[in-house]
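# Chain and residue survey
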Amino acid sequence: SRFSRDNARTPMQWNDKENAGFTTGKPWLNVNPNYTKINAESQINDPDSVRSFYKKLIALRKNPEYKDVVVYGEFVPYKEEQTNLMAYYRKGTDRTLLVVANYQHDAQDVVLPGTYKKVLMNNLDTLDLNGDILHMPGYQAVIFEM
């Protein structure tokens with residue numbers, strides 16, 4: 001239907017079973033054919049899954065060492081002029097975090113504002129840093145403690 005939001009909807013992909021584990025009946029929306037590979041059950045024991053990354057984000061938010069800056073820190077944009085890049089500070093009273101995410105398929109370079117103390121999270125296994133230039137492959141996201 002031309003004006004329906006249903007064109008972009010599919011049943012929740014719980015597992016790789018029939019109808020993605022959504023129902024034992026016939027769903028009124030078509031199941032995405034990728035349900036055999038992309039589903040909630042397949043992410044449970046995968047340390048590189050989106051689920052695992054979110055668990056790490058939640059753990060960072062709850063960590064007493066970083067909770068104040070993550071929850072209550074001031075949001076300060078960084079590199080607003082750079083295309084397909086989300087970058088911002090979370091500034092607290094005693095800590096500053098820098099979140100940098102490349103929102104495109106192509107790699108791009110980001111000039112860091114100075115040295116960092118620690119990498120708190122990185123969705124990739126590598127960090128390509130040459131001086132203060134961070135070379136980010138497509139879709140990389142990194143959280144630095146500055």
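Here we summarise the structure given alongside this text. (Residues numbered from 1 in each chain as written. Predicted model: local features only at pLDDT ≥ 70, side-chain atom pairs only at ≥ 80, totals over all residues. Heavy atoms only, no water.)

## Remarks on the sheet that holds strand 4 (residues 108–111)
- Spatial ordering of the open sheet is given by 4-7-6, a layout of three strands whose pairing is antiparallel. Of all strands in the sheet, those bounded by a partner on one side alone are strand 4 and strand 6 (128–130). Strand-to-strand, the axes of this sheet are offset by a mean angle of 25 degrees, without reference to chain direction.
- Bridge count for strand 6 against strand 7 (residues 133–136) is three bridges, and the pairing is antiparallel. (Pairing = 2+ DSSP bridges. Helix = DSSP H or I, 4+ residues; strand = E, 2+ residues; numbered from the N terminus. Axes fitted to C-alpha atoms, helices over the stretch in contact; angles between N-to-C directions.)

## Some points on the layout of surface pockets
- If you add up the space inside the largest pocket, you get close to 550 Å³.
- What lines the largest pocket is a set of 21 residues, and nearest its centre among them are Phe-53, Leu-57, Tyr-88, Val-99 and Ile-143.
- For the lining of the largest pocket, the elements supplying multiple residues, two or more each, are helix 2 (50–62), strand 2 (85–91), strand 3 (96–102) and strand 8 (141–145).
- Per-element accounting of the lining of the largest pocket gives the leading share, six residues, to helix 2.
- Counted by class, the lining of the largest pocket contains 16 nonpolar, three polar and two charged residues.
- Of the pockets and cavities examined, the second largest pocket occupies roughly 170 Å³.
- Looking at the second largest pocket, the residues that line it are Pro-47, Asp-48, Ser-49, Val-50, Ser-52, Phe-53, Lys-56, Asn-122, Asn-123, Leu-124 and Asp-125.
- Per-element accounting of the lining of the second largest pocket gives the leading share, four residues, to helix 2.
- Of the residues contributing to the lining of the second largest pocket, the split by class is four nonpolar, four polar and three charged. (1 Å grid on protein atoms, 1.4 Å probe; cavity = no way out; pocket = protein on both sides within 12 Å on 5 of 7 lines; lining within 4 Å. Points joined across faces, edges and corners; volume = space filled by probe spheres on them. Nonpolar A, V, L, I, M, F, W, Y, C, P; charged D, E, K, R; others polar.)

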